[in-house]
Amino acid sequence: MNVTGYAERMVRSDYAVLELALSVSGDDCQELLEKLHRQVKELKTFWIKMGIKSDMIDVDNRPDIKISDAKQNKYSVQYTIVLTMNDLDMASDVQHKTNHLAKKGFVFSAQSLKFFYSKGFELQKELTKEAVKDGEKTATENAHALGLSIEKAPNNIEGSKLICASTYENPLPFPFERIVEGCCSWGGGNADIENKFSVLVNMRYAFKKDGESSTQSEKVKESPEDDGAETDAQG
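Here's what I pulled together on the structure shown here. Remember, predicted model here, so these are calculated numbers, not experimental data.

**Observations regarding the overall build of the protein**
Here comes step 1: Each helix and strand in the protein was counted, giving 4 helices and 12 strands.
Here comes step 2: Here the protein holds 235 residues, and 34% of them are scored as buried.
Here comes step 3: At a minimum sequence separation of 6, the contacts of the protein that also span at least 24 residues come to 79%.
Here comes step 4: With an accessible surface of roughly 14,400 Å², the protein has 48% of that area assigned to carbon and sulfur atoms.

Right, here's the structure in full:
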């Protein structure tokens, strides 16, 4: 009998990540890089005063340089900055106040605030155990409806996969970094602080007759005349 065990749990994220693209534009590339360095320094001071630790501010110092107007030698240069915050309540406030810096000449060409859960692997193990129990219960109930019973343990259990009902992509511990077109990009995350995680486990159970193991049941079906067959299942 093939069954699928299921388990789910609502989980609150335990840290937030604010990713920003700080941009400057002009006709002198060297001056733009110097301006970026000054603005990054100002931003770090601003965020540290808000309570963000310096080691939780990651700046990708590889500039993304683009030519916005080839005829007039206009350039656009940007840095990717990632802030990690364990205090979820302050994350939105940090984003809001950072955006106010636009009045001081700071340009953020892109930004995103996402929430992560760092204990995805531990959660998967816990939910897998619950899913296996759920599968055993389902197999027992289905067998009982047929007037049969199942072996105590499944003869096959496939690997489990942790999934989320929302847009959470990959429950890997932070940081999960990948390089995309020369820039630092952080994978996964979700816009919601709380998310429903679930695990599915495919399992296979063997039937047995009440009071007999599957091996004994097979022996009862064998003919005494068969070469090499035991005539006494109890002997």
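Structure shown, so let's carry the discussion forward.
**Concerning the nonpolar core**
Here comes step 1: If you look at the biggest cluster of nonpolar residues, it comprises 28 residues, and the most contacted ones within it are W47, I81, L83 and M85.
Here comes step 2: For this core, the secondary structure elements donating two or more residues are β2 (15-26), α1 (29-49), β3 (57-69), β4 (74-85), α2 (88-99) and β5 (107-116).
Here comes step 3: Tallying contributions element by element places α1 first for this core, with 6 residues.
Here comes step 4: Dropping the residues within four chain positions of it, W47 is found in contact with L20, I52, I57, I81, L83, V94 and T98.
Here comes step 5: Formed by 18 residues, the second largest nonpolar core is a distinct cluster that contains A7, A131, C164 and F197.

**Comments concerning the side chain of Q78**
Here comes step 1: With respect to the element layout, Q78 can be found in strand β4.
Here comes step 2: At a separation of 3.3 Å, a polar atom in the side chain of Q78 contacts the side chain of S23.
Here comes step 3: Among residues more than four places away in sequence, those in contact with Q78 are A21, L22, S23, L36, R62, P63, D64 and S109.

**Some details on α1**
Here comes step 1: The end-to-end C-alpha distance of α1 is 31 Å, a good match for the 30 Å that 21 residues give at a rise of 1.5 Å each.
Here comes step 2: Among all positions in α1, only L32, L33, L36, Q39, V40, L43 and W47 are buried. Along α1, the residues classed as buried sweep out an arc of 125 degrees about the axis, all on the same side. Residues of α1 that are exposed and point over 90 degrees away from its buried face: E31, K41 and K49.
Here comes step 3: The N-cap residue of α1 is D28: its side-chain oxygen and the backbone nitrogen of Q30 are 3.1 Å apart.
Here comes step 4: One or two residues past the end of α1 sits G51, with phi positive at roughly 110 degrees.

**Points about the pairing of β2**
One face of the sheet, then the other: side chains in a regular strand alternate in exactly this way.
Here comes step 1: A large share of β2 lies buried, amounting to 11 of its 12 residues.
Here comes step 2: Relative to β5, β2 runs antiparallel, the two sharing 9 bridges. Across the sheet, S23 pairs through a bridge with V107, a residue of β5.
Here comes step 3: Here β2 runs beside β4; their pairing, made up of 11 bridges, is antiparallel. Bridge assignment links E19 to a residue of β4, and that residue is V82.

Rules used in this analysis
Residues numbered from 1 in each chain as written. Predicted model: local features only at pLDDT ≥ 70, side-chain atom pairs only at ≥ 80, totals over all residues. Heavy atoms only, no water. Helix = DSSP H or I, 4+ residues; strand = E, 2+ residues; numbered from the N terminus. Buried < 20%, exposed > 50% of the residue type's maximum accessible area, 1.4 Å probe, protein only. Contact = heavy atoms within 4.5 Å. Areas by Shrake-Rupley, 256 points an atom, 1.4 Å probe, with all protein chains shown as cover. Core = buried A, V, L, I, M, F, W, Y, C linked by side-chain atoms within 4.5 Å. Polar contact = N/O pair within 3.5 Å; in protein donor to acceptor, adjacent residues only side chain to side chain. Expected span 1.5 Å × (residues − 1). Arc of directions from axis to C-beta. Pairing = 2+ DSSP bridges.

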